[in-house]
Each structure stands twice: as structure tokens, then as C-alpha cells.
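Understanding the architecture of this molecule
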Amino acid sequence: MKVQIMTDTKFGNGKMLAEALKKEFSNEDDVNIADVKDVSPKRIAEDTPNVIILGGAVRIFRGGPKSKKWLTELNKTLEKSGKKIQFGTGFLTHAMPTDKVQGYAKKYLNKIDEESRIERTYSKLLTARVKSEKGPIFPEEMEKARGYIKEFINWIQK
Ligand SMILES: Cc1cc2nc3c(=O)[nH]c(=O)nc-3n(C[C@H](O)[C@H](O)[C@H](O)COP(=O)(O)O)c2cc1C
């Protein structure tokens, strides 16, 4: 299985989370991590992973706008080439309390779900709270992330 994890990270917290998620996949899976600022949607579309995990951050009261824009482009490119990605999910890192970011999480997940070239979107988005703008991610949030991705992998394999 080819898995693409995307981040939009400023201080590295998204990258650290992506690395932790990667560890939960089997060694037989080909898991790649890249940032939406560095890798074009076209390149990922050409590579056509089976799974996309789209990471982003809540900044200035917006939930991952750069990642969403990148995803729109990915969908367009996939459409043009007649390709599809089988499974999708995502994560948002944030500094506000978790209950305050549920609206952002819902919208972000809906965006992934809306994309026609992603066949199945997981029903839950991962959120991970940082202690301050620069991080780090709270240890209990890292634990939550490991549980989350295990459930996601089970869902894929069903
Ligand atoms: C300019 C700026 C604005 C931010 N605004 C918010 C915000 O509105 N709500 C929030 O929960 N976190 C906010 N944050 C905190 C970010 O969510 C946090 O820096 C980010 O999740 C850390 O992940 P990263 O290291 O991968 O960038 C803001 C951070 C920056 C730098």
C-alpha cells in the first residue's frame, strides 16, 4: 500500500505528528511524508497513492487553508488523468482547546470527503493540540494520534 502524508508545518509539529503516524503502518507499506509547500499536487497525482492523509494547522482562525487549496488542485489533476485515491483522512494541529476546534475539524474533513477523486473518506479527523504556537504537541495528544491511526488502518483493511 502506498501512503502519502502531507503536512503544512511551520515549526515542525505537523512533521513530527506525520512521523508518528508513519510508524504505525506496516514495513511493507510505502509511506511518504511531504509538505504542501514543497511538493506539487501534480507530483502526488502522478504517484497516485492508495491513501492520502492531509495535514494542516489552524492559524488565524482558519483550518488548514493552504492544505485545502492544495487538495483542490490534487483533485483537479487526478480528474484530468482519470486516476483515483482509494482512502483519505487528515489532521489539524492547533493551539486552542480541542472542543473549540471541532468546527474547523468538521469543515476540513468535509472538504476531503467532497473531493470526487478520493473514493472513501474516514468518518473522523485527527486533531492534535500544541502547548503553544511553536509546540510541542501535548504527550496525550500524541497517544491519541497513535490510537487514531491504528483505527484508521483497521478501517482500510476491512
Ligand atoms: C500566525 C499564527 C496564527 C495562529 N492562529 C491560531 C488559531 O487561530 N487557533 C489555533 O488553535 N492555533 C493557532 N495558531 C497555532 C498553530 O495552530 C500552531 O502554531 C501549529 O499548529 C503548530 O504546528 P506546526 O509546527 O506544524 O506549524 C497560530 C499560529 C500562528 C503562527
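Coordinates for the structure precede this section.
Below you will find a few notes about this structure. Along every chain, residues carry numbers that run from 1 in the direction the sequence is written. The model is predicted, so local features are restricted to residues of pLDDT at least 70 and side-chain atom pairs to those at 80 or more, both for listing and for counting; the totals for chains, interfaces and linings are taken over all residues. Water and hydrogen atoms were dropped before computing side-chain values, which therefore reflect all heavy atoms in the structure.

1. A look at the overall build of the protein chain
Within the protein chain, the secondary structure is distributed over 5 helices and 7 strands. The secondary structure listing takes helices from DSSP runs of H or I that are at least 4 residues long and strands from runs of E that are at least 2 residues long, numbered from the N terminus. From first element to last, N terminus to C terminus, the protein chain shows the α and β order β-α-β-α-β-β-α-β-α-β-β-α. The C-alpha atoms of the protein chain give 14 Å as radius of gyration, which agrees with the globular expectation for 158 residues (15 Å, within 12%). With a 1.4 Å probe rolled over the protein chains alone, any residue whose accessible area is under 20% of its type maximum counts as buried; one over 50% counts as exposed, and the rest are partly exposed. Evaluated residue by residue, the protein chain yields a buried proportion of 49% over its 158 residues. Element-wise, carbon and sulfur atoms account for 48% of the exposed surface of the protein chain, whose accessible area totals about 8,400 Å². Treating the 31 positive side-chain charges of the protein chain as one cloud and the 22 negative ones as another, the clouds have centres 4 Å apart. We compute the radius of gyration from the C-alpha atoms alone; for a globule the expected value is 2.2 Å times N to the 0.38, where N is the number of residues. Here the Shrake-Rupley method, with its probe set to 1.4 Å, supplies the accessible areas, and only the displayed protein chains count as covering residues. In this charge count, Lys and Arg are treated as positive and Asp and Glu as negative; neither His nor the chain ends contribute. Lysine's charge is taken at NZ, arginine's at CZ, aspartate's at CG and glutamate's at CD.

2. Side note on the pattern of salt bridges
Between Lys or Arg on one side and Asp or Glu on the other, a salt bridge is scored when a side-chain nitrogen of the former is within 4 Å of a carboxyl oxygen of the latter. What the rule picks out here adds up to 13 salt bridges. Where salt bridges share partners, they join Asp8, Asp35, Lys37 and Arg59 into one cluster.

3. Observations regarding the site of the ligand
Lining the immediate environment of the ligand, one finds 16 residues, of which Thr9, Asn13, Val58, Thr93 and Glu133 sit closest. Two N or O atoms count as a polar contact when they lie within 3.5 Å, although within protein this holds only if one can serve as hydrogen donor and the other as acceptor, and sequence-adjacent residues are included solely when both atoms are side-chain atoms. One of the backbone N or O atoms of glycine 12 is found 3.2 Å from an oxygen atom in the ligand. Here the ligand, which alone exposes 630 Å², has 89% of that area covered by the protein. Given that more than half its atoms are within 2 Å of the pocket grid, the ligand belongs to the largest pocket. Throughout, near means a residue has at least one heavy atom within 4 Å of the molecule or strand. Method remark: on a 1 Å grid restricted to protein atoms, a set of points is classed as a cavity if a 1.4 Å probe fits but cannot get out and as a pocket if it is open with protein on both sides within 12 Å along at least five of seven lines; lining residues have an atom within 4 Å of a point. Those molecules having more than half of their atoms within 2 Å of a cavity or pocket grid point set are described as sitting in that cavity or pocket.

4. Some details on helix α4 (residues 102–114)
If you check α4, its first and last C-alpha atoms are 18 Å apart, about what 13 residues at 1.5 Å a residue would give, namely 18 Å. For α4, the full list of buried residues reads Ala105, Tyr108, Leu109, Lys111 and Ile112. Taken down its axis, α4 places every buried residue within 150° of arc, on the same side. In α4, the exposed positions that point more than 90 degrees away from the buried face belong to Lys106, Lys107 and Glu114. Should any heavy atoms of two residues lie within 4.5 Å, those residues are counted as being in contact. Turning to α4, the residues buried within the fold contact β3 (51–59), β4 (62–63), α3 (65–81), β5 (85–94), β6 (118–121) and β7 (126–129). In a helix, the anticipated span is given by 1.5 Å times the number of residues less one. Each C-beta atom gives one direction from the helix axis, and the arc is the one those directions make.

5. Digging into the packing of aromatic side chains
Each aromatic ring pair is specified by the distance between its two centres and by the angle formed by the two planes. Stacked, edge-to-face and tilted labels apply to pairs of Phe, Tyr and Trp rings (six-membered ring for Trp) whose centres lie within 6.5 Å, assigned for plane angles under 30 degrees, over 60, and everything in between, in that order. The final tally for this structure, using the stated rule, is 5 aromatic pairs. For the pair tyrosine 122 and tyrosine 148, a centre-to-centre distance of 5.7 Å together with 75° between the ring planes defines the contact as edge-to-face. Placement of the pair is tyrosine 122 in the loop between β6 and β7 and tyrosine 148 in helix α5 (residues 139–157), with a sequence separation of 26 residues. Taking relative accessible area as the criterion, tyrosine 122 reaches 8% and is therefore assigned buried. Taking the relative accessible area as the measure of exposure, tyrosine 148 reaches 8% and is therefore buried. Between phenylalanine 152 and tryptophan 155 the ring centres are 5.8 Å apart and the planes differ by 35°, which places this aromatic pair in the tilted class.

6. A word on the nonpolar core
Soluble globular proteins tend to pack their nonpolar side chains together in the buried interior. We define a nonpolar core as any set of buried Ala, Val, Leu, Ile, Met, Phe, Trp, Tyr and Cys residues linked to one another through side-chain atoms lying within 4.5 Å. Core analysis: the biggest nonpolar cluster contains 25 residues, and Ile5, Leu17, Leu21, Ile53, Ile149 and Phe152 have the highest contact counts within it. At the level of secondary structure, the elements contributing two or more residues to this core comprise β1 (2–7), α1 (13–23), β3, β5, β7 and α5. Broken down by element, the residue count for this core peaks at 8 residues, all from α5. With near-sequence residues (within four places) excluded, leucine 17 lies in contact with Phe91, Thr93, Leu126, Ala128, Ile137, Met142 and Ala145. Core analysis: the next-biggest nonpolar cluster, separate from the first, contains 22 residues, Val36, Leu54, Leu71 and Leu92 among them.

7. Digging into α3
The terminal C-alpha atoms of α3, which comprises 17 residues, lie 25 Å apart, in line with the 24 Å expected from a rise of 1.5 Å per residue. Along α3, the residues classified as buried are Ser67, Trp70, Leu71, Leu74, Asn75, Thr77 and Leu78. End-on view of α3: buried residues confined to an arc of 170°, all on one side of the axis. When the buried face of α3 is taken as reference, the exposed residues oriented beyond 90 degrees from it are Lys69 and Lys80. In this fold, the buried residues of α3 make contact with β1, α2 (41–47), β3, β5, α4 and β6. Note on α3: the residue one or two positions beyond its end, glycine 82, has a positive phi of about 65°.

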